[in-house]
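# Summary of the model geometry
The primary structure of each chain is shown beneath.
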Amino acid sequence: MAAGCCGVKKQKLSSSPPSGSGGGGGASSSSHCSGESQCRAGELGLGGAGTRLNGLGGLAGGGSGSGCTLSPPQGCGGGGGGISLSPPPSCGVGTLLSTPAAATSPSSSLSSASSSSSPGSRKMVVSAEMCCFCFDVLYCHLYGYQQPRTPRFTNEPYPLFVTWKIGRDKRLRGCIGTFSAMNLHSGLREYTLTSALKDSRFPPMTRDELPRLFCSVSLLTNFEDVCDYLDWEVGVHGIRIEFINEKGSKRTATYLPEVAKEQGWDHIQTIDSLLRKGGYKAPITNEFRKTIKLTRYRSEKMTLSYAEYLAHRQHHHFQNGIGHSLPPYNHYS
């Protein structure tokens, strides 16, 4: 199941329904996310296996409705009408999605990784080489070269997101990922191109944009169900909420860990924003918030600029089978 992650417009938060679209994700029903360039980590519409999720947001491409629905990581379907509101079924914290044991990742000094995993608990899995691989895949696609060979980093399965930003102000350019654990070699290859070319909020990337790009790889870990919708930490946890809308349908929405902090939101603002992005149009009360089922998770994130990618490839030119010459680096505009 693919999920979307980042949007482009800062939201106005309110407990009453928004005017106009009613908090939906627009005609495309893709969910958007709030990231460092005001990207809205939006609703994830997982109507079935293989459904892509935009950036921090929602369905990539078709779909119906103004919010995106999301099924749990281990199942699909969206709940039919007539479901009554009830508190979350379990109050204990339980692992919802197990992630692989820590793998040794290649060391790199190119860029610092930001992680919301417990400090010192295990070695970071995400690495600069993963971002380099994403750049390799995109570069080969845009220039018509044969795709790079299998990379050397671990191929353990993880839920993952690939995010592209552009320019000095790091504007969102594409962000799509999945909450289903995928082997990293195939998962990064797939979502590199999906996020670069098929994020419905943006036109497909072009060669001219390459020198101004930043690539981020996020690996999601430590999924836990919690009984209190406030039981998560801003800047540490990503959250996925599940709720029953005013029509009796099950809906879900998510924000990656960095979103609430970047937007300056507290717990309530984040929850209310997710409800609106998930398509909930009725007034939001504290009683309704208590009916939400919330899953919290962490992530490991690595970001690399195109300049850093080129510097790395100049020293490891044939590491992933990239035998052709890379274009000259142009300064960011």
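Fair warning: this is a prediction, and the values are worked out from it, not measured in the lab. (Residues numbered from 1 in each chain as written. Predicted model: local features only at pLDDT ≥ 70, side-chain atom pairs only at ≥ 80, totals over all residues. Heavy atoms only, no water.)

## Examining the packing of helix α1 (residues 128–143) against helix α6 (residues 306–315)
Under the convention used in this document: Lines fitted to C-alpha atoms define the axes, with helix axes restricted to the stretch in contact, and inter-axis angles between N-to-C directions lie between 0 and 180 degrees. In DSSP terms, a helix is any run of H or I states spanning at least four residues, a strand is any run of E spanning at least two, and both are numbered starting from the N terminus. Should an angle lie under 35 degrees it is considered roughly parallel, over 145 roughly antiparallel, and from 65 to 115 roughly perpendicular; all remaining angles are considered oblique. We call two residues in contact when some of their heavy atoms are within 4.5 Å. As a working rule, the residues Ala, Val, Leu, Ile, Met, Phe, Trp, Tyr, Cys and Pro are called nonpolar, Asp, Glu, Lys and Arg charged, and the rest polar, with Gly in that last group.
At a minimum axis distance of 10 Å, the contact between α1 and α6 shows a crossing angle of 95°. The angle between α1 and α6 falls in the class roughly perpendicular. Contact residues: α1 offers Glu 129, Cys 132, Phe 133, Phe 135, Asp 136 and Tyr 139, while α6 offers Tyr 306, Tyr 309, His 312 and Arg 313. The residue inventory of the contact of α1 with α6, partitioned by class, reads six nonpolar, one polar and three charged.

## What to know about unusual backbone geometry
We count it as follows: When accessible area is computed with a 1.4 Å probe and restricted to protein chains, residues below 20% of their type maximum are described as buried, those above 50% as exposed, and intermediate ones as partly exposed.
The phi torsion at Lys 170 lies on the positive side, around 50°, for a residue other than glycine. Judged by relative accessible area, Lys 170 falls into the partly exposed class, the value being 29%. Backbone geometry at Asn 222 places phi at a positive 55°, although glycine is not the residue there. Tracing the sequence through the fold places Asn 222 in strand β7 (residues 213–226).

## What to know about the confidence of the model for the protein
Close inspection of predicted coordinates is inappropriate for parts of the model with low pLDDT. The test is simple: The predictor attaches a confidence to each residue, and that confidence, scored 0 to 100, is pLDDT.
Confidence in the prediction of the protein, expressed as mean pLDDT, is 71, and 58% of residues score 70 or more. Within the protein, the lowest mean pLDDT, 40, falls on strand β3 (residues 94–97), and the highest, 98, falls on helix α2 (residues 184–197). Scored below 50 in pLDDT, residues 6–112 makes 388 contacts in the model with residues more than four places away or belonging to other chains. Predicted confidence is poor over residues 328–333, with pLDDT under 50, and the contacts of this stretch with residues over four places away or in other chains come to 15 contacts.

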